Amino acid sequence: MNSKKSQVEIGSPQTAVLTTSLKKNIELIKALFKDNDTLIVREIENLDGAMKYCIVYFDGVVNSIIINEDIVKPLMRTDIKNLDGTLIDILIKKVILINEVKKTEKIGDIIESVTYGDTILFADGAAEAIILNSKGFQTRSINEPESEKILSGPREGFCESLLLNLSMIRRKVRSTELKMKFYSLGRRTNTQACICYIDGLVNKDILSELYSRLDKIDMDGVIDTNYITEIIKDAPFSLFKTIGSTERPDVVAGKLLEGRIAVFVDGSPVVLTLPYLFIENFQSNEDYYLNFYYTSFSRLLRIFAFILTVCVPAFYVAIVAFHHEMLPTSLLIHVAMERKNVPLPAAVEAFVMLIVFDILRETGIRMPTGVGQALSIVGALVIGQAAVEAKMIAAPMIIIVGITGITNLLVPKLNTSVIYLRFFLLALSSVLGYFGFIIGVSLILIHILKLRSFGIPSMAIPNIKYQNMKDIYIRGPWQKMITRREIIAQDNIRMNISGGDKNE
Amino acid sequence: MNRKAIILLIAVLSTFLTSGCWNYRGLNEMAIVSGLAIDKGEDARGYKLSFEILDLGGSSKEGGVKTKFVESTGNTIFDAIRNAKKKTESKLYFGNARIIILNDKLARDEDISQLMDVFLRANEVRETTNVVIAKNMSAGKAISSKTLTNAITSFELQKIIAEDNKNTASTMDNQLYKIYNILKAPGESLVLPAISEVQNGKEPVLEIDGLAVFNGERLAGYLTPEESKYYLFAANAIKGGLLTLSVENQNADSLSLEIVKNKTKVKNVYDGERIKLIIQTETDAYLNELAENINVLDEKQINEVCLKEEEKLSYLISSTIKKVQNDYKTDIFGFGNKIYKHNTKLWQQVGSDWDEFFGSAEIEVKSKINILNTDSIKKL
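Residues numbered from 1 in each chain as written. Chains lettered and ligands numbered in written order. Predicted model: local features only at pLDDT ≥ 70, side-chain atom pairs only at ≥ 80, totals over all residues.

### Comments concerning the interface of chain A and chain B
We count it as follows: Note on contacts: each residue gets a C-beta atom placed from the backbone, and two residues are in contact if those atoms are within 7 Å. A run of H or I in DSSP becomes a helix once it reaches four residues, and a run of E becomes a strand once it reaches two; helices and strands are each numbered from the N terminus. Gly counts as polar in this scheme, as do all residues outside two lists: the nonpolar Ala, Val, Leu, Ile, Met, Phe, Trp, Tyr, Cys and Pro, and the charged Asp, Glu, Lys and Arg.
At the interface, 22 residues of chain A touch 18 residues of chain B. Of all elements in the fold, only α9 (292-321), α10 (329-340) and α14 (415-432) of chain A reach the threshold of two or more residues within the side of chain A that touches chain B. No other element matches α10(A), which puts ten residues into the side of chain A that touches chain B. Looking at the side of chain A that touches chain B, its residues break down into 13 nonpolar, five polar and four charged.

If you want it as structure tokens, here you go:
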């Protein structure tokens, strides 16, 4: 399956095949990589000049020491006298000092591997080539991901190299059941992807659904995981995520153990996990590393924050413009006093301030670290305070925007949806008051309830069971979380417990 | 995109863009009324209304909110409310009005259910607005007089009335919806809190002054604050307040009992001619003040206090009921309503002429006092 896409042909050279003539093979390679100065073609002969070889690699993605010591040196120093078997086999078995070796006659394979740091060895008289592992490119060191910082727990994060990323998972899940299948994506970029799952746990229907969706992709370039996320996700135009993403190996390992599937894409530190339930928006890996009392509370806070950040501006406008009787009198007096002298109606004011807030937030992200945050806070303070004092904006609105903005930060995974939902509700409630607000909330809820992720209902409503509730709104203590969710995982006993607790 | 989708989009957008905002009324476009007072019109026709509205001119940072007063007249109450707009920038908003003050003369001459109709009918006015009778002054003067804190008179007055039952037990707050309920309930008459002006030092301030008693829909007279307390006992509505007595001291009361809880049961006996009402009260109280030589640890002496107070309380309750029977002949205690609810057969016999039956009813009051607690010191 993994080589299927690589056979897609680009240009005429690929229709060519390898011949026994070394010279012709070299010409073929040079023609394939025409105008490509980083390609190194090095011809070698052994001591007596009887054997002729040629190695081909790309400069910069290989480890030169390996090529010098383990490929060039043995080739030059070795005389091959009696040929029992083909030349290629003898080279592989007796000469080359490389751990990972593969012989091929396909031009496609050669292109795929040479561009990834492998060295190709051609021998005169053989219509096959040997792919030698000589990868040696620089990768970023393993850092904690900026976007998913936690207080306690593992601090490593994925980087851009696929194999390094996989090694982090391999170290965490040392089981024969851990499967890692390569898959090639992108007609021009030939990007390696890896589908990773635990065989005994994964739901086979979801797995085959994933493969069938991946097979339909026919893009020419995949630079980041999001390229494929948007293509393979359910409800592609929905504001909500139906595929999870993370930069942390511990998160991926945790999700694998819940029976989920991870999709790695080379060149991207972001790994997809699927299926993705709506509640995962509020779960954090830290929930499992800290005391369950604490994390249950913070999970409830996140859910509350989501509701606040979406609803607060709409709620405020509905009260101030339509349902004054809902405000407690003393609050009404003070809000009315503030509103007395400002020029804009509350609804317009809310729109303006929310846009200003979003501008500040976006600026904060794009600014260099350190400067960004300070600047956005100062900007907000200055703009907020000055606007109130100049009687352009009523003070309560600053509080509303402040609450909206701060609670927004608690649910980073829902960033996209939150921005749009907020304006949607605000528009409805500034036209129809609470009536519109309720209509809007209902529409959003209907949409969320309709969402599916690879066939699994996102809200997992049919799956409400006592055991399952232990990891939704709260995070239960580990000794009580006995099962996995059966709609995701095949084998849902997580823990064997002794004693009479089993019937829970 | 197909045509249908575009048409749908235009349709949806135009509802937002062309219709404007439905019912949109900014907070800055209204005059918030905190309370209003109703008097008779000057030539005895129509009504004169005084509104207390919140002055939102100042900034909220400066602390206290000031109020302004608007007066208007009209042929009907609603007419007068609308006429107030002639003087104010924005329309009056009644969603936060807390109190309606009625003038004594108005309440005597006109049907209160008709006066209240406009407020019950309007969507803005809360059903929980309190209604008060201004006893010896015009309602307009009452609402514009100062209260102790110089804050919003209506709000403060409402709070005084609402918390009275728990602390001093000298009046009973009745809100719009309760007034409606009581007026419609058979065998029960309305009472409303009464206020009057008193001197507090040099300043005149408003004070609660017992209850206004209604006979049917019209004001009949008043109960003093002390009588109101016994009214609350009889009506099973008391929640706090003090009982004072003396055991040995003949000149003045020297003990205070604080009422914690009270339960009043009413039984009735009908002999075909007269009805007999047996009122049993059971009160839990704390002994809070003791200026006599009584040992609180001695059960005998405490029992003596209880007996003494039981005797006093039952006498005062029955004399209050008798006063109402003789002076107003109207069942403000709701005894009739209890019969209506629990003894339909009897009600069929007495219901049509209940006020007569009540007026001539024999009253028997049995009181019971339990002293639960004597506070922290044994003896001073």
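Next comes the rest of the description.
### Here we look at the domain arrangement of chain A
Heads up, the condition is: Domain start and end points were adopted from an automatic or database domain assignment.
For chain A, the domain assignment lists domain 1 (5-132), domain 2 (146-276) and domain 3 (292-453). Computed over C-alpha atoms, the centres of domain 1 of chain A and domain 3 of chain A are 62 Å apart.

### Let's talk about the sheet that holds strand β1 (residues 39-45) of chain A
Residues and elements named next belong to chain A. Just so we agree on the cut-off: We treat two strands as partners when DSSP finds at least two bridges between them. Lines fitted to C-alpha atoms define the axes, with helix axes restricted to the stretch in contact, and inter-axis angles between N-to-C directions lie between 0 and 180 degrees.
Here five strands make up an open sheet; going across it, the order is β1-β2-β4-β5-β3 and the pairing antiparallel. The open sheet has two edge strands with one neighbour each: β1 and β3 (101-104). Recorded for the sheet is a direction-independent mean angle of 25° between the axes of neighbouring strands. Looking at chain direction, β3 and strand β5 (residues 129-132) are connected through four bridges and run antiparallel. Paired with Lys 103 across the two strands is Ile 130, which belongs to β5.

### Quick word on unusual backbone geometry
All names here are of chain A. Test applied: Buried means a residue has 20 or more other C-beta atoms within 10 Å of its own C-beta, exposed means 12 or fewer, and partly exposed covers the counts in between; C-beta atoms are placed from the backbone.
In this chain, Leu 274 is followed by Pro 275 through a cis amide linkage whose omega measures -5°. Locating Pro 275 in the fold gives a position in the loop between β10 (271-274) and α9. Phi angles above zero are rare outside glycine, and Asn 190 is one such case at about 50°. Considering the arrangement of structural elements, one finds Asn 190 in the loop between β6 (178-185) and β7 (191-198). Asn 190 gets classed as buried once you count the C-beta atoms within 10 Å, which come to 20. Non-glycine residue Phe 454 carries a positive phi angle of around 50°. Among the structural elements, Phe 454 can be located in the loop between β11 (452-453) and β12 (456-457). Judged by local crowding, Phe 454 falls into the buried class, with 22 C-beta atoms found within 10 Å.

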